[in-house]
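# Descriptive structure summary
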Amino acid sequence: MIKENILRGKLLDLLWKVYPDGIDIKSVVSILFQYHRVDDILTSLEYLTDKKYILMKEHPDPVVKQEKFKWYKLTPHGIDLLESNIPDDPGIIIPRG
């Protein structure tokens, strides 16, 4: 359980580093897969999307036209969490320091 909380914090931190831009799912996985299972990364992204800390959009794949890729961006609500402008979320451990 703690590993997922840490992973969620890492994901928010990653998205903060690329804000206001977003990042595609392949890049997210390639950055974190050495330390976390792909299924855990995908589940954590879904959790953060459901909690409205991040936004997920699907875009047409520029190479394979009939496929789509997911793209993630930090929301203002996610920024408020990272900046401690709202109460901490017990499901997320934010890297501080």
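Each remark here, short or long, concerns the structure printed above.
The rules we used
Residues numbered from 1 in each chain as written. Predicted model: local features only at pLDDT ≥ 70, side-chain atom pairs only at ≥ 80, totals over all residues. Heavy atoms only, no water. Patch = residues over 30% accessible without salt bridge, like charges linked within 9 Å, V, L, I, M, F, W, Y side chains within 5 Å. Areas by Shrake-Rupley, 256 points an atom, 1.4 Å probe, with all protein chains shown as cover. Salt bridge = Lys/Arg side-chain N within 4 Å of Asp/Glu carboxyl O. Helix = DSSP H or I, 4+ residues; strand = E, 2+ residues; numbered from the N terminus. Buried < 20%, exposed > 50% of the residue type's maximum accessible area, 1.4 Å probe, protein only. Pairing = 2+ DSSP bridges. Contact = heavy atoms within 4.5 Å. Axes fitted to C-alpha atoms, helices over the stretch in contact; angles between N-to-C directions. Parallel < 35°, antiparallel > 145°, perpendicular 65-115°, else oblique. Left-handed = near helix turned anticlockwise from the far one by under 90°.

### Some remarks on a nonpolar patch on the surface
A contiguous nonpolar patch, built from Ile2, Ile6 and Ile93 and spanning about 250 Å² of accessible area, is present on the exposed surface. Here Ile93 shows up in the segment after helix H4 (76–82). For Ile93, a relative accessible area of 37% corresponds to the partly exposed category.

### Describing the sheet that holds strand S2 (residues 54–60)
Read across the open sheet, the three strands follow the order S1-S3-S2; overall the sheet is antiparallel. Edge positions in the open sheet fall to strand S1 (23–24) and S2, since each of these has one partner strand only. Bridge count for S1 against strand S3 (residues 68–74) is two bridges, and the pairing is antiparallel. By the bridge assignment, Ile23 is partnered in S3 with Tyr72. Against the sheet, helix H1 (residues 2–17) makes contact with S1, S2 and S3, and its axis sits at roughly 85 degrees relative to S3, the strand it touches most.

### Thoughts on the packing of H1 against helix H3 (residues 38–50)
Relative orientation of the contacting elements H1 and H3 amounts to 70 degrees, with a least axis distance of 9 Å. Classified by the angle their axes make, H1 and H3 are roughly perpendicular. At the point where H1 passes H3, the crossing takes the right-handed sense. Across the interface between the two elements, Glu4, Leu7, Arg8, Leu11 and Leu12 of H1 pack against Asp40, Ile41, Ser44, Leu45, Tyr47 and Leu48 of H3.

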